Structures are given as structure tokens and as C-alpha cells.
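Observations on the model geometry
Listed below are the residues making up each chain.
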Amino acid sequence: MSTPTPNAVRGHVHRIHDILEREGDAGVRDLVSSSWRRCLRDYQLDPSAPAFPTILTDHELAERRTCAEDIIECAKHEMTTLFQQLGDPELAVVLVDTGGVILHMVAAPNFSEEVGREGFRVGAVWSEGEIGTNGMGTCLVLGEPVVVRQHEHFFAKFTGLTCSAVPIFDPDGRIVAVLDVTSRSTLMQQHSLVLLGMTAQMIENRLIDRRHREDYPVHFHSRPELVYTLHEGMLVVSEDGHIRAANRSALFQLGFDSVESVRAKRLDEVFQVSLDDIVSRSVRSSFHPVPAFSAGSSSRFFMVAQEPASRASQERPRALIDAEAPSRPAVPAGHFSDARLTTQLALAGKVVARGIPVLLHGETGAGKEIFARALHQASPCSDGPFVAVNCASLPEGLIESELFGYRAGAFTGAQRSGRRGKILQADRGTLFLDEIGDMPLSLQARLLRVLDERMITPLGSEDPVPVEFQLVSASHRHLPERVAEGLFREDLYFRLCGLEVALPPLRERTDRRELIGRMLDEEAGRSMAMSRAVETLLMDYPWPGNLRQLRHVLRTAAVLCDGDCLEMAHLPPAVRPAQSVVLGDGEPSHPAEPVRELNPIEANERQVLLQLLDEHHWNVSQVAKALGVSRNTLYRKFHRLGIELKPPQ
Ligand SMILES: Nc1ncnc2c1ncn2[C@@H]1O[C@H](COP(=O)(O)OP(=O)(O)OP(=O)(O)O)[C@@H](O)[C@H]1O
């Protein structure tokens, strides 16, 4: 955000007045001109005045954050994921409350420092009444998704930014916050809006879970494979069978227009099933979706009902203990039709069932956790919990208590009741230690002891507790290298790798075509086709982020596609062939290099390789490693695609 020159401010102000005075507000969208009018008439803002948002005191901000504590908790993780998905260092993901106060922000340090100086930071008030037309403030006024592009901002100072914002509703259907992506780039608005909408829905679902811990969650969809996905309908039902809240998909699928209208009903007025019945059928089916018919139209749905989360830690039947982990995976089922993978799965299944640990390798997003879950599902422990721990994402100070648990009062700040660690939670189930290569050395010895003795001693306690679990670990690091560097214990490495399994990257999977088709149907929530060009592109794209990247691309594309056939235009620009290098008569993207006539696939491959080379500072060995191919193969590709081995100036 740079300070505009006086001339630029005058020009911007003149344009606003000029457009508003003109008949029909030609030149801007209605939502923008209406907002400008509100700014002038209702809030008496002067577009030529200097703009700087009010910044709350620490005390005021703390109060606001306390009021919105559960929303922030539900949003934090999703905001970080969204930031990573958008992958732009000049962008911020922001959560504001209903007063327009920025409560939480995820951004790269440089960007956040730079915009922070101009008042775009936590604690600042970005309501429309304060800062004029802007994504967050205008979204709060309209209660619907809004994009405000550069010169649509009311104050000239903010015209370097583009904001996309969506409202977040609470389980009662009231707006409680706005989620916003603000960036310098004018590209990607449509995609960011789609991803934003999906993120808002995830936050809303989490909020329902969190605010209704005493109620029974019921998940449903007309297609069983869509239960536990973002498309699922979700109801929460009180002990006496009354529906207390519903997410957007539930309202849509059941044909209700508001939470109020469904809340007056009992579950057995909406479905031909009582709460007790569906809970016991869900337990019997190990929480796989069971069929149930709607009361009015006899449409068939598939449902799973769970015990209230508040009872999860209390005395209850074994099958329900730790139900959180196995029964609400929020993780899609895996597809494994590639011959090499099915063999690996069968082999690993035999090994893990005999108590031998399995160690998975694979590029990021190649499906290590999904593979581990599939192993668990097929194992004799499938009735027990599946507990995943990401050793890289836990701060070093927390990992010990997270894994091993602690006794009541073990240290300052410990929960009064103490805490069962993840290892104990995995008792009679499967413990999945992801990114094991990042586990601090100090804890490796403790883990080794647990694996040897099958006993665990929580922090602050002297009484060891017996524990039994199947162990699957994973790492994208090369563990023998970590051992050689002295960062990983050799004895632990040998203990973990009873069987080592290398998962193939997506570009090498032989079931790619089928996988893409099935994933697209899952993400669209219906059966969808794709044009031949799209299919060829998706089949040939190198997918450095593997299945995770594929799923994100298909998720966004499916939302953008209104019809039944996915076209090139629905794909994000990053995977589309670069127009500039597609045709021989166009300008090559790197003018210094002569490019022979490339077909769209080759052009796309070339673009991806150039991107990777840039990312790896033109280090060919690193790019070869990232792609899982030999350097020679890479050199052959460079030659074929006209890539010269020096970065463009
Ligand atoms: N076999 C599969 N079938 C369908 N989808 C899959 C499969 N494997 C992975 N995915 C998709 O890719 C996403 C990432 O998978 P997963 O978390 O298992 O990868 P990972 O290798 O553990 O990633 P990381 O290295 O980042 O920990 C999943 O959420 C899922 O959407």
C-alpha cells in the first residue's frame, strides 16, 4: 500500500463523483456505486480526506477476541491452509468480526509488515463506515460474498489492493464473521472466492461441532461416499430427538430455507428413522453410512450418527471410545487401483497386523496418511481408533505432552484433569506418526522405549500404563541421511522400518485416469465429464503437489463449472498451458530462448519446469529430486522443450 500522489487522489475522487452523477452509474458495478453512495450519504466520508482505520487498544481487542474465541479457534487452521493453497506471498487471509475488527490474519511477514504500517493489521477496524468501500466492510453490510477490486475502493489509498470476502454464519444462521483474502494481484479473484467459500463452510461446520458438543451429530448425503466430505449435510440433534442446528448443505438437500424452519422439527419428522435407531445402526456398521429415507419424499440418504462429543472421554462402550478419530475422518476414502500400490497395500496390511511397524516414504501429498488409514481400515484393529500425529507441526515444547500425555497438575498451565496423550489414545488402534524425521532427538529415546516396552508413563506420573497399537510412520525426508547427520537415532530408525513402502508420485500412477474421474465426481457431488483437452492436460501435468494438489484443482474447478463437463477455463491458471508459449506465432514466455512449435501439453510441461527451476534456483539436481526423475531424463526434457540452462535475466 503506497501513499497515492495528490494528483492520483484528486483523479480518484473526481471519478467517484463523476460516476455517481452520471445516469445509471455507468462504469462501475451496482454493488460498488451503492456502497460509494452509502459512504458519502450515510457515513459522511470524504474520499479526499486521508484514510487510516481506528486501531483498538490491546484491552479492547482482547475483549473482542474473547467474544469470538470459538470462531477464531475454528478458523485459524483453515485460514493457514487457505493461505498455503493460494500460495501468493503478497496476500493476506483475514478474519473480521461483525464490527469489522480484524481478529486474526495470516500473511507472509514482509507483506504483513508493509500493509500493517497502513493500518491493515489485527486490531484495526475495517468496517464500511470507517474505511469506505472494501471487501470485509461491504461484505458485512450485504451479508453475501463480495469482491472489491482496486479502484472500486472508496479511498484512493487502498486502490492497490483487491479483496474477496465471504460471510461466516453461526449454527443459528446469523453472520458472525467475515473471511477475506486481500492481495495486490487482480488475478485469481474467482478462484480465491471459490476457495474462500469452501473455507467458510468448513469453519461453519467446525463451529456447529464446537457449539453443540452436548448434541448428537448426524452426517448425511444422498451418495454414501460424500458423507464426511465438504458436501455432506450435517444436523445436530438433542437427546430428545429435536434438531438443533443444520449446515448449509443439510438445508439445501432437505429443501429448507433457514435453520429456524428445520429447528422446529424432530429427526423422525425429517427422516424415517429415530435418533436411537440411527445411533445404534451407526455403531453396528462401525460408522459407515447406513441408508435412511426422508420422511416426506422417500428420497434415499446415507447417514451416520455419533454420540455427543462431550461424552467422548466418558465411560462408554469400547466401540465409541475415541470415536472422534476413526468415525469422523473428514478425510476422503482412498483409491488404490494402481497395481504397484495394491500390492504394497496388501503386503503392508499383512505386516502391520503382526505388530511390525511400517514406514512410508513419498513426496508431499502422495497420500501417505490416506494409505495409513487404509491399512488401519483393513487391519484387525479397525474397530479401534486411528490417531494421526504430525511431528513437524507440533512446537517442540508441546510434542512431549501431546504424545505422552500428563497427569493432573504436572506443570503450570496443565489441564486440571490431566490429559491422555496421543499414544494412549491410539490404544487398540493405529498410531500414525507423520513427518517422523522431524521428531526432536530428545523425544526419540522416549518413543523408542515405548515401542520396546509397550508401556507409557505420562508426564508427572510414575505409574506406567500398558498400551497396544499398530504403528505406521511416514516421512518425506530420507531417514538414513538424517541418521548420518546425527539428527535421527539409528536404533529408532531400525525399529520403525519393519517394512518400508515407497508410495509412487501421482504422475507415475497407472490408475491416474480413473483416479481423476472419481475424484472429480466426489468433489462435484455428481457425475461429471471433462473435455478431451482437460483430460489430456490433467493426465500429463507433472503434479508436484501430487494427489493433494489434484484434489484442490478439481475441487475449485468443480465449483466453477455449472454444467456437466469440465472445460479448460474451469482450471486454475497455474495448471493451464501458458498461452504465450502455446503457439509458434506467439511470443515465447522467455524471449531469450528460441522455442520450437510446442503443442499445448509440451508448452505446459515447459512452463512447469521453468517454474520449478526458478523455485530451486536453477539447481537441476534439486528439480530432478523434486520430480523423482534422473538428471539425465531432465536434461533430455530441457533439450526437447527448448529450455536453456541459465535463468533468464
Ligand atoms: N489414494 C488416494 N485416493 C484419493 N485421494 C487421495 C489418495 N491419497 C491422497 N489423496 C488426497 O490427497 C490429500 C493428501 O493426502 P495425504 O495427507 O495422505 O498426503 P501425504 O503424503 O500424507 O501428505 P504430506 O506429505 O503433506 O503429509 C488427501 O487429503 C486426499 O484428498
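Scroll up a little and you will see the structure.
Quick summary incoming for the structure in this document. (Residues numbered from 1 in each chain as written. Predicted model: local features only at pLDDT ≥ 70, side-chain atom pairs only at ≥ 80, totals over all residues. Heavy atoms only, no water.)

**What to know about the side chain of Glu 118**
As for its position among the elements, Glu 118 is in the loop between helix 5 (109-116) and helix 6 (128-131). At a separation of 3.2 Å, a polar atom in the side chain of Glu 118 contacts the side chain of Lys 157. (Helix = DSSP H or I, 4+ residues; strand = E, 2+ residues; numbered from the N terminus. Polar contact = N/O pair within 3.5 Å; in protein donor to acceptor, adjacent residues only side chain to side chain.)

**Some points on the site of the ligand**
The environment of the ligand is formed by 19 residues, the closest being His 335, Lys 368, Glu 369, Ile 370 and Arg 551. A distance of 2.3 Å separates an oxygen atom of the ligand from a polar atom in the side chain of Arg 551. Within the residue set of the shell around the ligand, elements represented by two or more residues are helix 15 (368-377) and helix 23 (546-560). Here the shell around the ligand is built from residues that sort into seven nonpolar, five polar and seven charged. Here the shell around the ligand spans two domains, since at least three of its residues come from each of domain 3 (339-504) and domain 4 (507-570). (Near = heavy atom within 4 Å. Nonpolar A, V, L, I, M, F, W, Y, C, P; charged D, E, K, R; others polar. Domains from an automatic or database assignment.)

**As for unusual backbone geometry**
When glycine is set aside, most residues are seen to have a negative phi, and most peptide bonds are trans. At Arg 428, a position not held by glycine, the phi torsion is positive, near 65°. With respect to the element layout, Arg 428 can be found in the loop between helix 17 (422-425) and strand 15 (429-434). Even without being glycine, Asn 546 reaches a positive phi, approximately 55°. Positionally, Asn 546 belongs in helix 23. Looking at Asn 546, the relative accessible area reads 0%, which means it is buried. (Buried < 20%, exposed > 50% of the residue type's maximum accessible area, 1.4 Å probe, protein only.)

**Considerations on helix 2 (residues 30-42)**
With 13 residues, helix 2 should reach 18 Å at 1.5 Å per residue; the first-to-last C-alpha distance of 17 Å fits that figure. Looking only at helix 2, the buried set comprises Val 32, Ser 33, Ser 35, Trp 36, Arg 38 and Cys 39. For helix 2, the elements touching its buried residues are helix 1 (6-21), helix 6 and helix 7 (135-142). Remark: Gln 44 follows helix 2 within two positions and exhibits a positive phi of approximately 55°. (Expected span 1.5 Å × (residues − 1). Contact = heavy atoms within 4.5 Å.)

**What about the side chain of Thr 556?**
Among the secondary structure elements, Thr 556 is positioned in helix 23. Under the relative-accessibility criterion, Thr 556 is labelled buried at 5%. Among the polar contacts made by the side chain of Thr 556, one reaches the main-chain carbonyl oxygen of His 552 at a distance of 2.9 Å.

**Brief notes about the pattern of salt bridges**
Per the counting criterion, the structure on display carries 33 salt bridges. One salt bridge in this structure joins Asp 70 and Arg 211, with 2.7 Å as the shortest N-O distance. Here Asp 70 is found in helix 4 (residues 69-86), whereas its partner Arg 211 is found in helix 8 (residues 189-211), with 141 residues between them in sequence. For Asp 70, a relative accessible area of 17% translates into the label buried. (Salt bridge = Lys/Arg side-chain N within 4 Å of Asp/Glu carboxyl O.)

**Quick look at the sheet that holds strand 11 (residues 358-361)**
Spatially, the five strands line up as an open sheet ordered 12-15-18-11-19, and their pairing is parallel. The open sheet has two edge strands with one neighbour each: strand 12 (386-390) and strand 19 (499-502). Within the sheet, the average angular offset between the axes of one strand and its neighbour, ignoring direction, is 20°. As paired elements, strand 15 and strand 18 (residues 469-475) share five bridges and run parallel to each other. Paired with Phe 432 across the strands is Val 472, a residue of strand 18. Its contacts with the sheet place helix 14 (residues 339-353) against strand 11, strand 18 and strand 19, and it is angled at close to 160° to strand 19. (Pairing = 2+ DSSP bridges. Axes fitted to C-alpha atoms, helices over the stretch in contact; angles between N-to-C directions.)

**Some thoughts on the nonpolar core**
Counting residues in hydrophobic clusters, the biggest one holds 38 residues, and the most contacted among them are Leu 538, Trp 543, Leu 554, Leu 566, Leu 571, Leu 634 and Ile 643. Every element with two or more residues in this core is listed here: helix 21 (512-524), helix 22 (532-540), helix 23, helix 25 (600-615), helix 26 (620-627) and helix 27 (631-641). Among the elements that make up this core, the one with the highest residue count is helix 23 (six residues). In this structure, this core is formed jointly by two domains, domain 4 (507-570) and domain 5 (579-641), each of which donates at least three residues. (Core = buried A, V, L, I, M, F, W, Y, C linked by side-chain atoms within 4.5 Å.)

**Let's talk about the packing of helix 14 against helix 15**
At their nearest, the axes of helix 14 and helix 15 sit 9 Å apart, and the two run at 55° to each other. Considering the angle they form, helix 14 stands oblique to helix 15. Relative to helix 15, the crossing made by helix 14 is right-handed. Touching Leu 341, Gln 344, Leu 345, Ala 348, Gly 349 and Val 352 of helix 14 are Phe 371, Ala 374 and Leu 375, all from helix 15. Here the contact of helix 14 with helix 15 is composed, by residue class, of seven nonpolar, two polar and no charged. (Parallel < 35°, antiparallel > 145°, perpendicular 65-115°, else oblique. Left-handed = near helix turned anticlockwise from the far one by under 90°.)

**Thoughts on the packing of aromatic side chains**
Tallied over the entire structure, the rule returns 10 aromatic pairs. Seen from their ring centres, Phe 220 and Phe 271 are 5.2 Å apart, and the 70° between their planes marks the pair as edge-to-face. On the criterion of sequence distance, the pair formed by Phe 220 in strand 6 (residues 216-221) and Phe 271 in the loop between helix 11 (267-270) and helix 12 (275-284) is long-range, its members being 51 residues apart. When sorted by exposure, Phe 220 lands in the same class as Phe 271, which is buried. Consider the rings of Tyr 541 and Trp 543, whose centres lie 4.6 Å apart with planes at 70°: the pair is edge-to-face. Three or more aromatic residues joined by ring pairs make a cluster, and in this case those are Phe 120, Trp 126 and Phe 158. Taking the ring centre of Phe 404 as reference, the NZ or CZ of Arg 446 above it sits at 4.0 Å. It is Arg 454 that lies over the ring of Phe 469; its NZ or CZ is 4.8 Å from the centre. (Phe/Tyr/Trp six-rings, centres within 6.5 Å; stacked < 30°, edge-to-face > 60°. Lys NZ or Arg CZ within 6 Å of the ring centre and 35° of its normal.)

**Digging into the sheet that holds strand 3 (residues 146-148)**
Strands belonging to one sheet form pairs held by backbone hydrogen bonds; the direction of such a pair is parallel or antiparallel. Across the sheet, five strands lie side by side as 2-1-5-4-3; this open sheet has antiparallel pairing. With one partner strand each, in any of the chains shown, strand 2 (102-107) and strand 3 form the two edges of the open sheet. Each strand of the sheet is rotated relative to its neighbour by a mean of 20°, with strand direction disregarded. The pairing of strand 1 (residues 91-96) with strand 5 (residues 175-183) spans six bridges and is antiparallel. Paired with Leu 91 across the strands is Ser 183, a residue of strand 5. Contacts from helix 5 reach strand 1, strand 2 and strand 5, with the element oriented near 135° to strand 2.

**A word on the pairing of strand 6**
Within strand 6, six of the six residues are buried, which leaves the element mostly enclosed by the surrounding structure. Side chains Tyr 216, Val 218 and Phe 220 of strand 6 all project onto a buried face; the interleaved residues Pro 217, His 219 and His 221 project onto the opposite face, where all are buried too. Two strands pair when backbone bridges link them, and strand 6 and strand 7 (residues 233-237) are joined in this way by five bridges, in the antiparallel orientation. Paired with Tyr 216 across the strands is Val 237, a residue of strand 7. Pairing geometry for strand 6 and strand 10 (residues 300-305), over four bridges, is antiparallel.

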